[in-house]
Protein chains: 4
Amino acid sequence: MTTGFFGDLQSVRYEGPDSDNPLAYRWYDPDRLVLGKRMEDHLRFAICYWHNFCWPGGDPFGGQTFERPWFGEALDQAKLKADVAFEMFEILGAPYFCFHDRDIAPEGASLAESNRNVREIADYFRPKMEKSGTKLLWGTANLFSNRRYMAGAATNPDPDVFAYAAAQVKNCIDVTHELGGENYVLWGGREGYETLLNTNLKQELDQLGRFLSLVVEYKHKIGFSGTILIEPKPQEPTKHQYDFDVGTVYGFLKSYGLEKDVKVNIEVGHAVLAGHSFEHELALAAALGIFGSVDMNRNDYQSGWDTDQFPMNVPELGLAIYEILKAGGFTTGGMNFDAKLRRQSIDPEDLIHAHVGGFDACARGLLVAADLIEKGELSKALSDRYAGWEAPRGKSMLSGALDLAEIASAVERENLDPQPRSGRQERLENIVNRSL
Amino acid sequence: MTTGFFGDLQSVRYEGPDSDNPLAYRWYDPDRLVLGKRMEDHLRFAICYWHNFCWPGGDPFGGQTFERPWFGEALDQAKLKADVAFEMFEILGAPYFCFHDRDIAPEGASLAESNRNVREIADYFRPKMEKSGTKLLWGTANLFSNRRYMAGAATNPDPDVFAYAAAQVKNCIDVTHELGGENYVLWGGREGYETLLNTNLKQELDQLGRFLSLVVEYKHKIGFSGTILIEPKPQEPTKHQYDFDVGTVYGFLKSYGLEKDVKVNIEVGHAVLAGHSFEHELALAAALGIFGSVDMNRNDYQSGWDTDQFPMNVPELGLAIYEILKAGGFTTGGMNFDAKLRRQSIDPEDLIHAHVGGFDACARGLLVAADLIEKGELSKALSDRYAGWEAPRGKSMLSGALDLAEIASAVERENLDPQPRSGRQERLENIVNRSL
Amino acid sequence: MTTGFFGDLQSVRYEGPDSDNPLAYRWYDPDRLVLGKRMEDHLRFAICYWHNFCWPGGDPFGGQTFERPWFGEALDQAKLKADVAFEMFEILGAPYFCFHDRDIAPEGASLAESNRNVREIADYFRPKMEKSGTKLLWGTANLFSNRRYMAGAATNPDPDVFAYAAAQVKNCIDVTHELGGENYVLWGGREGYETLLNTNLKQELDQLGRFLSLVVEYKHKIGFSGTILIEPKPQEPTKHQYDFDVGTVYGFLKSYGLEKDVKVNIEVGHAVLAGHSFEHELALAAALGIFGSVDMNRNDYQSGWDTDQFPMNVPELGLAIYEILKAGGFTTGGMNFDAKLRRQSIDPEDLIHAHVGGFDACARGLLVAADLIEKGELSKALSDRYAGWEAPRGKSMLSGALDLAEIASAVERENLDPQPRSGRQERLENIVNRSL
Amino acid sequence: MTTGFFGDLQSVRYEGPDSDNPLAYRWYDPDRLVLGKRMEDHLRFAICYWHNFCWPGGDPFGGQTFERPWFGEALDQAKLKADVAFEMFEILGAPYFCFHDRDIAPEGASLAESNRNVREIADYFRPKMEKSGTKLLWGTANLFSNRRYMAGAATNPDPDVFAYAAAQVKNCIDVTHELGGENYVLWGGREGYETLLNTNLKQELDQLGRFLSLVVEYKHKIGFSGTILIEPKPQEPTKHQYDFDVGTVYGFLKSYGLEKDVKVNIEVGHAVLAGHSFEHELALAAALGIFGSVDMNRNDYQSGWDTDQFPMNVPELGLAIYEILKAGGFTTGGMNFDAKLRRQSIDPEDLIHAHVGGFDACARGLLVAADLIEKGELSKALSDRYAGWEAPRGKSMLSGALDLAEIASAVERENLDPQPRSGRQERLENIVNRSL
């Protein structure tokens, strides 16, 4: 027996590119082997609880557009919401979901009550997870919506807020652990500042470092084997967020000795807000050894804020997934759809259309990326380009065997005059399009 | 006897705010004591050679607008250029200048010849420096203009280009050292990429790390006591530059163990291109212990490229210099004017007007900042805001004495419910304006 | 008897630059004559109802931070809000205020009831306006918050929404007229689109043209002598708003024959979002003959959305007010503060500090601008630069007396070879700073 | 006999999607019928002379990277350049080309000599055009590179520069006319300003209006039947360009009564710099009746300047070409490739690869767009959405038959309460991807 929210919508099945059915997968075929691995195991799709079931459709200039029978503050409504959520997971055949603590259960009169509410809903989830086979990709705590966090959580000038946030996180890690979550995420929603005039930057960074260390220490203490993930974002809601981008997060982790214990959850739209391409952030995280997971929601290129749209542009997805495959693919991470419907998409069916289209676009991107890897033209061109570094002079310079004066002396002695070689960018771009 | 380039322009003198003379300082009074230190010693102005004496006024859509008698490739022209440069330093009373190797001397048929040309002009500088008292704030090597560097210098796929760049830098550090330079700067003009399709990010970062280590090792070897500075910039000319911003550079330095040996030279316009305020980059560098020096040229807020304009906005300069003063002020660093005239400002006199206005705006910014410090309202508000961290719970959480479970347990036990306090941003902004 | 909301705060008075009182005006001296006109009459400050009394402090990642006793949906609360609003107008000595219909009164069960509520509060305003002397700069209708407007008001695909919006506007113009409002504003909050895929651009532009024509016709019909104003904004909340910027609005007005009847209300932050400086939009509107009024709230230069901050940067304000003065100053328009407190500024007193600082910054900007005009150096430089167009060739070319072939023939015959002259940008910027 | 520049490269032929030949067309099949029209006649590809044969590969931080035997100022070099250009047109099978006067021939000692040089090369083109069948899409005059134009051409403060520009344009239109050019383009490279401080906006707009009127009048006088096109761009090289975007240009044309005589040439990258999607500018131009032609070169989404890259993203091209087809396709316009190689792509072969990839991507975009039109799902959804405007109330409101009071009265009387309907954005995006 279902809630009836989705009417008579059936489970979405793979029907191939020629299907006329708008609610079929054309490209996402979970069992199809790609580079020797099942598509589902490559992509590890997760559906987010927050945008799909909690967000009312508001923006800074208008309120609720979605009308959902479970909107409200009662535990029964939270349970109805869970019922609908798991119905949607099953309709879509999504292997994973993700949640914030405040998404799934109402805030109580005290933190103790709030935490109990979270546990009650977690208990309500467990049989549903078992029945449906839906797993938890990650859990996280909402440390930004309540007014107590208006000046930050870990970085709040008031240590009581830090303590409150720590207590909320502890409960949320516990629950994530108990539900078999494969990662735990920290997005520093308000870990940043509005003005330097009221901000002690060094103090706040130290607080943030300590907070993260508390989490890592606790993870080990309770034997949680999932990955701790930070989600970079440069700004919004704050003017400046400390976890600006992958490069900044890496410096922060190094600073507090956490670069072995923490990885990044990279969001398409956050990369773009920081002035990067998504594939840049992926490649950089891989190069620095901190690649963890992704949020696949894109931003509008003409909007200066987070639009959290469903992924759609196949060649862009191909380039991004190519970087993910080069990085070895996901281990504990996956592709979370932290995407939200446009606020005008008010029909229940819109939720399904959006995910079907997004899953298909990612599946198609995977096929592009796999084709690039199988053909090997890009990687061949790359190794040719850097071949000189495998030769003696390159090796000895890179190893540190030669000092600056020795190198300089050789250049003058040999009258070295290196000639530029074509970077061949357009040819390489054509190779990508040939795999589309 | 002068070159006559500046006609009968006299040295610019401090005449006070009420002067009618457009070529007088109204606020820059080198000997005026501000917070117990001479204005000149606070500001440490430097004039850049490149934009003032070498740039022809071109942009991507048009060529030369400036007509200078020294434009050309002959050493005699380079000497005439030096004559005019020192005339300008004296007219302005600037204590420092900065140069690239390729600014001051023509490129030769080989690197050896190019290096000799650089030395010849350095020798030509020495007596002029002594006579005028103008000192060298920093030297740097141009590793981006010549087509051999089109794919990077240290990060070039061809190790011969790395070697060539190393040899050029060695000569330039030597010359900087001999001329008493107080810093040596590396701006990674083309240390970045145009497309990930032809880029091995990890390889290139390792090359860059090695290159910088070579420089640091060499500095120590020759006993150069100046500071090695990296100049962050997020993009332009490349799509992505590795030294994106202060946070990214810090991670890079930590990665290669260089954070004690290298500091940053922060440029206003580069900060803005990276999505930061200038004062953010200053405050962050100070917090991370890598604040070194600044380039004071601003960007146009509506242009998406580096416009390198002279500083003019006094309240913005006040906020920036406030951060510099909070960081302890400059040690070896200073305020370089890496600014260029608008390409329509073709008269010799425009060079003087631009610097006079820029020096005055910075001097005025210093007075704003000093007033803020003397009044102490901002720092008082700041320490009040974070006072809780001096109390027992704050201290024990920050020190690591409490673990996550202990903190959580206390929160529930005490039923902690922290109440938000006003961030008072508007009041603090008013305080700043009261010092204007 | 007061509501007590502002405690014992007294009216803010002008005390001059040396006052120690944080809640005094240092520069805003209403009766001071500037260029022969009272400061108050130059600046015509207005306070907006919406951000100050209705906005709960929410952003896309968090909810209410302000706690106001009048928050709620009852008419009594609306009256308490009005009481506090007029107390604030009096404390600040603001000559004007502005409102949306939905700010001042709760939405009813039908439009008829909503309209009655608006009238009831308007009736409640009238004696307060008389007593305090506060006038209405402009009224406007909120056609964007309610979900019925999610796809636009005038540009909605559903003509019933167009009708509903028209009915709401009619009531709001009536009330504005009755309260002696000097302008009526239309901000096209959702007059734009999210995706072209579901948008008929030509159809929606025609709807918008018709809607505006209805308003203009109605204004004449009822004898409303105020100015109809459009407020340009490029995006947010929609991806693209039809009233993108001043240039676009002008083309739209010309298209529908409305350029004589409608002017623009230019907001600082909207100009910046559209890629312009504020002074550009002012100068362009003046050149096109459609300059009307301004919203003085600025945006953060590093944020890609509307931050609606209080104006603070004096030299920027100076440049903007210089353009306003060159345009002849305001007639029916004024300087509306459509600014909102930072959401962390939760104390009642913050409302006062913010406005005091903003009024003072604008007053200081006026003094800068007036000084520039009195000295006349900028205008002299400008007329010198274009002097050639007063000479015969310039006049005959601009008048159309010569055709292309005749001009071309003269150029070849006379072997014309015009030489560039310095644009003197830096000197002109220095002149501005000398008036600071 | 060929110049040998392209070695033994053969003409590029259509070989279908499965070809292994990197220098074959996979999708661009000129004779294939799409929606009943030959692909070539839909796309009307043109190759630009400037970027391919004249640009040396410089950027603001470095000079020439391309080494071409024809670089120089002699007429013989200009002829060699023409030889190579027509070899490339034939290799690619491009139906059109475009040029600036200064691209094709060296500047002389006087305008008369410069004009003679342009004619000499035009005469050199004519037999080549006949032999190869390559036609001229449009000609244009370079009014921005020479220093005489540093402060604008038509908008220069010096009327002699206006005259000089007029004379240059006259010659260029004559030559375009004689060569059978189908359009004449004006890109206002420096028709804008650097600072309002030295700019009389109204005066400059009037100059620009007069200049454009001169061109239109002259076109009619000589019987040139091609279209006059303006190319919008918001900024770069100037801070603000008057032809900011399609909406602004339309207002300008209306202002000077030119909207019937002038259309727009829309460039992908310029749209993006102005804060628009390319398809927005296309749709708006179509709605306003001024759609003319396009420049297909894209910008990098992370770079704030014009990068002029070859088109590659197929789904984006599909959306854009869908708008072009909805606008009725090209009449005299076409798809100019105003794209430039990356400056590291220094091999002659790179020129061919880049165009082959770009032509193929556009051809593929055409197929996507045609499929969308043939299926009709998008247009069906659109007409359904606006169906209410075909009903009586919608019609009478839009026609002006009802006034504001009548509409308002009906709303209250009928207690109208319109309910929102889903905008279905995600479903529509899925439809687009199904045609990919």
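This one's a predicted model, so the numbers in the text were calculated from it and none came from an experiment. (Residues numbered from 1 in each chain as written. Chains lettered and ligands numbered in written order. Predicted model: local features only at pLDDT ≥ 70, side-chain atom pairs only at ≥ 80, totals over all residues.)

1. Considerations on the overall build of chain A
Next up, step 1: Of regular secondary structure, chain A possesses 16 helices and 12 strands.
Next up, step 2: Computed over the C-alpha atoms, the radius of gyration of chain A is 24 Å, within 12% of the 22 Å expected from 2.2 N^0.38 for a compact globule of 436 residues.
Next up, step 3: Along the three orthogonal principal directions, the C-alpha set of chain A runs to about 80 × 60 × 45 Å.
Next up, step 4: Within chain A, the fraction of its 436 residues that count as buried is 61%.
Next up, step 5: Across chain A, the fraction of contacts at a sequence separation of at least 24, relative to all contacts at a separation of at least 6, is 77%. (Helix = DSSP H or I, 4+ residues; strand = E, 2+ residues; numbered from the N terminus. Rg over C-alpha atoms; globule rule 2.2 N^0.38 Å. Buried ≥ 20, exposed ≤ 12 C-beta atoms within 10 Å, placed from the backbone. Contact = placed C-beta atoms within 7 Å.)

2. Digging into the pairing of strand β10 (residues 262-267) of chain D
All names here are of chain D.
Next up, step 1: Counted residue by residue, β10 has six buried out of six residues, so it is predominantly covered.
Next up, step 2: When strand β8 (residues 227-231) meets β10, the two strands line up parallel, connected through three bridges. Looking at the pairing, Leu229 lines up with Lys263 of β10.
Next up, step 3: By the bridge criterion, four bridges tie β10 to strand β11 (residues 291-295) in an arrangement that is parallel. Within the sheet, the bridge partner assigned to Asn265 lies in β11 and is Ser293. (Pairing = 2+ DSSP bridges.)

3. What about helix α7 (residues 201-222) of chain B?
Next up, step 1: Counted at 1.5 Å a residue, the expected span for α7 of chain B with its 22 residues is 32 Å, and the 32 Å between its end C-alpha atoms agrees.
Next up, step 2: Packed against the buried residues of α7 of chain B are α14 (392-399) and α15 (404-414) of chain A together with α6 (159-178), β6 (183-187), β8 (227-231) and β10 (262-267) of chain B.
Next up, step 3: Of the residues flanking the end of α7 of chain B, it is Gly223 of chain B, one or two places downstream, whose phi is positive at about 75 degrees. (Expected span 1.5 Å × (residues − 1).)

4. Re the interface of chain B and chain C
Next up, step 1: Contact with chain B, which involves 36 residues of that partner, is made by 36 residues of chain C.
Next up, step 2: Looking at the side of chain B that touches chain C, the elements with two or more residues in it are α11 (314-326), α12 (348-375) and α16 (425-434) of chain B.
Next up, step 3: Broken down by element, the residue count for the side of chain B that touches chain C peaks at seven residues, all from α12 of chain B.
Next up, step 4: Classifying every residue of the side of chain B that touches chain C gives 13 nonpolar, 15 polar and eight charged. (Nonpolar A, V, L, I, M, F, W, Y, C, P; charged D, E, K, R; others polar.)

5. Re the sheet that holds β10 of chain B
Residues and elements named next belong to chain B.
Next up, step 1: Pairing is parallel around the closed barrel formed by eight strands, whose spatial order is β3-β4-β5-β6-β8-β10-β11-β12. Neighbour-to-neighbour, the strand axes of the sheet open up by a mean angle of 30 degrees, direction not taken into account.
Next up, step 2: For strand β11 (residues 291-295) and strand β12 (residues 335-337), the ladder comprises two bridges, and the chain directions are parallel. Paired with Val294 across the two strands is Met335, which belongs to β12.
Next up, step 3: Across the face of the sheet, α6 comes into contact with β5 (135-140) and β6 while running at roughly 175 degrees to β5. (Axes fitted to C-alpha atoms, helices over the stretch in contact; angles between N-to-C directions.)

6. Some details on the relation of the copies chain B and chain C
Next up, step 1: Of the transformation placing chain B onto chain C, the axial shift is 0.0 Å and the rotation is 180 degrees, giving an RMSD of 0.0 Å. On the angle and the small slide along the axis, the relation comes out as a two-fold axis. Taking C-alpha positions as reference, the residue of chain B nearest the rotation axis is Tyr301 of chain B, located at 3.6 Å.
Next up, step 2: Taken together, the interface assignments show that 100% of the residues at the interface of chain B recur at the interface of chain C, consistent with an identical surface on both copies. (Least-squares fit on C-alpha atoms with pLDDT ≥ 70 in both.)

7. Thoughts on the relation of the copies chain D and chain C
The operation relating the pair of chain copies consists of a rotation about an axis and a translation along that axis.
Next up, step 1: Rotating chain D by 180 degrees about the axis while translating it 0.0 Å along that axis superimposes it on chain C, leaving an RMSD of 0.0 Å.
Next up, step 2: Of the interface residues in chain D, 100% have counterparts in chain C that sit at the interface too, so the contact is made through matching surfaces.

8. Here we look at the UniProt feature "binding site: Mg(2+) 1" (unreviewed entry) in chain A
Residue and element names in this part refer to chain A.
Next up, step 1: UniProt annotation of "binding site: Mg(2+) 1" (unreviewed entry) refers to Glu231, Glu267, Asp295 and Asp338 when read in the numbering used here. A maximum C-alpha distance of 11.9 Å among these annotated residues, which run over 108 residues, shows that they cluster at one spot.
Next up, step 2: Looking at the secondary structure, you find Glu231 in strand β8 (residues 227-231).
Next up, step 3: Given 25 C-beta atoms within 10 Å, Glu231 falls into the buried group.
Next up, step 4: Beyond its immediate stretch of four places on either side in the chain, Glu231 contacts Val185, Leu186, Trp187, Asp243, Asn265 and Glu267.
Next up, step 5: Inspection of the secondary structure puts Asp295 in strand β11 (residues 291-295).
Next up, step 6: In this structure Asp295 comes out as buried when scored by C-beta crowding, with 26 C-beta atoms within 10 Å.
Next up, step 7: Setting aside residues up to four positions removed in sequence, Asp295 forms contacts with Asn265, Glu267, Val268, Asn336 and Asp338. (UniProt positions renumbered as here; feature names shortened; annotations may be inferred.)

9. Describing the pairing of β8 of chain A
Residues and elements named next belong to chain A.
Next up, step 1: Of all the five residues making up β8, five are buried; the element is thus mostly covered by neighbouring parts of the structure.
Next up, step 2: Side-chain alternation along β8 places Thr227, Leu229 and Glu231 on one buried face and Ile228 and Ile230 on a second face that is also buried.
Next up, step 3: Strand direction decides the pairing type here: strand β6 (residues 183-187) and β8, joined by five bridges, are parallel. Looking across to β8, one finds that Asn183 is bridged to Thr227.

10. What about the interface of chain D and chain C?
Next up, step 1: Each partner contributes to the interface: chain D provides 80 residues, whereas chain C provides 80 residues.
Next up, step 2: Take the side of chain D that touches chain C: its biggest share by element is 11 residues, from helix α7 (residues 201-222) of chain D.
Next up, step 3: Broken down by class, the residue content of the side of chain D that touches chain C amounts to 43 nonpolar, 19 polar and 18 charged.

11. Concerning the packing of helix α8 (residues 246-255) of chain A against helix α10 (residues 278-288) of chain A
All names here are of chain A.
Next up, step 1: The geometry of α8 relative to α10 is characterised by a closest axis approach of 9 Å and an angle of 25 degrees between their N-to-C directions. Taken together, α8 and α10 sit at an angle that is classed as roughly parallel. Every residue of α10 that contacts α8 at Val246, Gly247 and Tyr250 is listed here: Glu281, Leu284, Ala285 and Leu288. (Parallel < 35°, antiparallel > 145°, perpendicular 65-115°, else oblique.)

12. A word on the sheet that holds strand β8 (residues 227-231) of chain C
Residues and elements named next belong to chain C.
Next up, step 1: One closed barrel accounts for eight strands, arranged β3-β4-β5-β6-β8-β10-β11-β12; its pairing is parallel. Across the sheet, the axes of successive neighbouring strands diverge by a mean angle of 30 degrees, strand direction being ignored.
Next up, step 2: Sitting on the sheet, helix α6 (residues 159-178) is in contact with β5 (135-140) and β6 (183-187), with an inclination near 175 degrees to β5.

13. Quick word on the nonpolar core
Next up, step 1: Judged by nonpolar contacts, the single largest core of 262 residues is most densely connected at Ala46, Phe97 and Ala166 of chain A together with Ala46, Phe97 and Ala166 of chain D.
Next up, step 2: The contact partners of Ala46 of chain A, leaving out residues within four places of it in the chain, are Ala94, Tyr96, Phe97, Cys98, Leu137, Gly334, Met335, Asn336 and Phe337 of chain A.
Next up, step 3: Counting 261 residues, the second-largest nonpolar core is a separate cluster that includes Leu92 and Phe310 of chain B together with Cys172 and Phe310 of chain C. (Core = buried A, V, L, I, M, F, W, Y, C linked by C-beta atoms within 7 Å.)

14. Some thoughts on the packing of helix α10 (residues 278-288) of chain C against helix α11 (residues 314-326) of chain C
Residue and element names in this part refer to chain C.
Next up, step 1: At a closest axis distance of 8 Å, the pairing of α10 and α11 adopts a crossing angle of 5 degrees. For the element pair α10 / α11, the angle class is roughly parallel. Here α10 contributes Phe278, Glu279, Leu282, Ala283 and Ala286 to the contact with α11, which in turn contributes Leu319, Ala320, Glu323, Ile324 and Lys326.
Next up, step 2: Class assignment of the residues belonging to the contact of α10 with α11 gives a composition of seven nonpolar, no polar and three charged.

15. Overview of helix α7 (residues 201-222) of chain A
Next up, step 1: By the burial criterion, the buried members of α7 of chain A are Glu204, Gln207, Leu208, Phe211, Leu212, Leu214, Val215, Tyr218 and Lys219 of chain A. Looking straight down α7 of chain A, one finds its buried side chains confined to an arc of 145 degrees; they lie on one side. Facing away from the buried side of α7 of chain A by over 90 degrees, the exposed positions are His220 and Lys221 of chain A.
Next up, step 2: Buried-residue contacts for α7 of chain A involve α6 (159-178), β6, β8 and β10 (262-267) of chain A together with α14 (392-399) and α15 (404-414) of chain B. (Arc of directions from axis to C-beta.)

16. Section: the environment of Leu382 of chain D
Next up, step 1: Relative to the helices and strands, Leu382 of chain D resides in helix α13 (residues 377-385).
Next up, step 2: Residues Leu382 of chain D and Trp187 of chain D, 195 residues apart in the sequence, show an inter-C-alpha distance of 35 Å.
Next up, step 3: Residues in contact with Leu382 of chain D, not counting those within four places in the same chain, are Asn198 and Asn200 of chain C.

17. Description of unusual backbone geometry
Next up, step 1: Cis rather than trans, the peptide bond between Glu236 of chain A and Pro237 of chain A has omega equal to 5 degrees.
Next up, step 2: Along the chain, Pro237 of chain A falls in the loop between β8 and β9 (240-241).
Next up, step 3: You will see that Arg44 of chain A, though not glycine, has its phi angle at about 45 degrees, which is positive.
Next up, step 4: By secondary structure assignment, the location of Arg44 of chain A is in the loop between α1 (39-43) and β3 (45-48).
Next up, step 5: Note on Arg44 of chain A: 22 C-beta atoms within 10 Å, which makes it buried.
Next up, step 6: Although it is not a glycine, Asn415 of chain B adopts a positive phi angle of roughly 50 degrees.

18. Some points on the environment of Asp347 of chain D
Next up, step 1: On the secondary structure map, Asp347 of chain D appears in the loop between β12 (335-337) and α12 (348-375).
Next up, step 2: Taking the C-alpha atoms as reference points, Asp347 of chain D and Phe66 of chain D, 281 residues apart in sequence, are found 8.1 Å from one another.

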